[in-house]
Amino acid sequence: MARLYLLLVLIKQKPTVSKPAHRSARARPSKTRQHKAKGSLLDSPLFSIIILVGASITTASAIWMFAYYQSRPDPAPIVALTEDADTPKKQLIPQILTPAIMSTPSEPIVDDYAIPPAEDGLAPVLSTIPTTQPVVFLGIDDGAFRDPSVVALMREQHIHASLFLADSFLGGDYAFFKQLTELGSVVEPHTLRHDTNMAVKSYEYQKAEICGMADIVEQQYGRRPTLFRPPGGGYSTTMRRAAHDCGMKAIITWIAKANGGSMQYQYGDHLQPGDIVLMHFRPEFSDDMHAFLDAVNAAGLRIELLESIPGAM
Ligand SMILES: [Zn+2]
């Protein structure tokens, strides 16, 4: 309508120019007609007719243009073609899928190492992962301290860890750790009774401790566990065999600890790529976690799941 009004104003100002202008933008009015437009013609009935005809043509043009633009094909296909050419669509898809990928423990994050298969029926023992990638692994043990602040901190800091739980610490409160598995953590067995002298006991005893807890973990959390951490960290050939026979891909110990609100290292004074860190569900959980996070940030590492390593599942 603004276009129509503008044309009407132009007609009023330059009546003889308006008509050819609508027929062809290139048409130029002759000097003769311009001279004739001035003078008595301005107030004559002929002028009114010209105005009416001009207005009619303008209105018809406006209606035709409106109809034309309405009936044009939707411009979306042109945009889609442009997107295909520049691949913004392909960039959007991984952005949408990223959270799902990150929460999937089977997604590999180390491409220069895989947990070796068992030799002679003995599960391998790992205290660190020999990788050059800037990753660190956290295992949180036992399960005695089950405070809502633990869940809040894990959620707030986006931490996922391997939770090595021993049944004797849990008091049947399996539901507490479901809150952590929902945040991306994975539950693994740490035996039924947390016997720190089990490594020197019989194969049957050790197998019952490891398999028994693995069964509970599978029953409660819906996933057959694959990594075992021995109580106290001691292991033996008998334990390696029992762990393998319970379906464990590896025995996981540690090379550094977050303990009593500070970090303790077996070698050096800082975290290295591939280090496995030990922590516990204890009342000082928050202090330990902050000490761990400070060490992770100082070393420029990122926290990944042991279960993401090729061969761990
Ligand atoms: Zn323990």
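Let us look at the structure shown here. Since we're looking at a predicted model, the values are computed, not measured. (Residues numbered from 1 in each chain as written. Predicted model: local features only at pLDDT ≥ 70, side-chain atom pairs only at ≥ 80, totals over all residues.)

## Remarks on the overall build of the protein
Reasoning step 1: When its secondary structure is counted, the protein shows twelve helices and ten strands.
Reasoning step 2: Evaluated residue by residue, the protein yields a buried proportion of 31% over its 313 residues. (Helix = DSSP H or I, 4+ residues; strand = E, 2+ residues; numbered from the N terminus. Buried ≥ 20, exposed ≤ 12 C-beta atoms within 10 Å, placed from the backbone.)

## Brief notes about the pairing of strand β2 (residues 135-142)
Reasoning step 1: With eight of its eight residues buried, β2 lies for the most part within the structure.
Reasoning step 2: Two elements, β2 and strand β9 (residues 276-280), share five bridges in a ladder whose sense is parallel. Bridging across to β9, L138 finds its partner in V277.
Reasoning step 3: As defined by bridge partners, β2 adjoins strand β3 (residues 162-165) across four bridges and the pair is classed as parallel. Note on β3: the bridge partner recorded for G139 is S162. (Pairing = 2+ DSSP bridges.)

## Some details on the packing of helix α10 (residues 203-221) against helix α11 (residues 237-245)
Angle between the axes and distance between the axes: these two values describe a pair of packed helices.
Reasoning step 1: At their nearest, the axes of α10 and α11 sit 9 Å apart, and the two run at 45° to each other. Put simply, α10 runs oblique to α11. Here the hand of the crossing between α10 and α11 comes out right-handed. Mapping the contact onto sequence places Y203, Q206, K207 and I210 in α10 and T238, M239, R241, A242, A243 and D245 in α11.
Reasoning step 2: When grouped by side-chain class, the residues that make up the contact of α10 with α11 number five nonpolar, two polar and three charged. (Axes fitted to C-alpha atoms, helices over the stretch in contact; angles between N-to-C directions. Parallel < 35°, antiparallel > 145°, perpendicular 65-115°, else oblique. Left-handed = near helix turned anticlockwise from the far one by under 90°. Contact = placed C-beta atoms within 7 Å. Nonpolar A, V, L, I, M, F, W, Y, C, P; charged D, E, K, R; others polar.)

## What to know about the pairing of strand β4 (residues 186-189)
Reasoning step 1: Side chains of β4 alternate between two faces, with V186 and E188 and V187 and P189 buried alike.
Reasoning step 2: Bridging between β3 and β4 involves four bridges; their strand directions are parallel. Bridge assignment links S162 to a residue of β4, and that residue is V186.

## Side note on the sheet that holds strand β1 (residues 125-126)
Reasoning step 1: Taken together, three strands build an open sheet; the order of strands is β1-β6-β5 and the sheet is parallel. The sheet is open, and its two borders are formed by β1 and β5 (227-228), each paired with just one other strand.
Reasoning step 2: Note: β1 against strand β6 (residues 250-252), two bridges, orientation parallel. The residue of β6 that forms the bridge with V125 is I251.

## Details of the environment of L227
Reasoning step 1: Note on placement: L227 falls in strand β5.
Reasoning step 2: We classify L227 as buried; it has 25 C-beta atoms within 10 Å.
Reasoning step 3: With 39 residues separating them along the chain, L227 and E188 place their C-alpha atoms 6.0 Å apart.
Reasoning step 4: What L227 contacts, discounting residues up to four positions off in sequence, is S162, E188, M248, K249, A250, I252, L306, E307 and A312.

## Quick word on the environment of V200
Reasoning step 1: Residue position: V200 is located in the loop between β4 and α10.
Reasoning step 2: According to the C-beta neighbour criterion, V200 is exposed, with 11 such atoms within 10 Å.
Reasoning step 3: In the structure, V200 is positioned 34 residues away from G234 in sequence and 9.2 Å away in space, judged by C-alpha atoms.

Keep in mind these values describe shape, not function.
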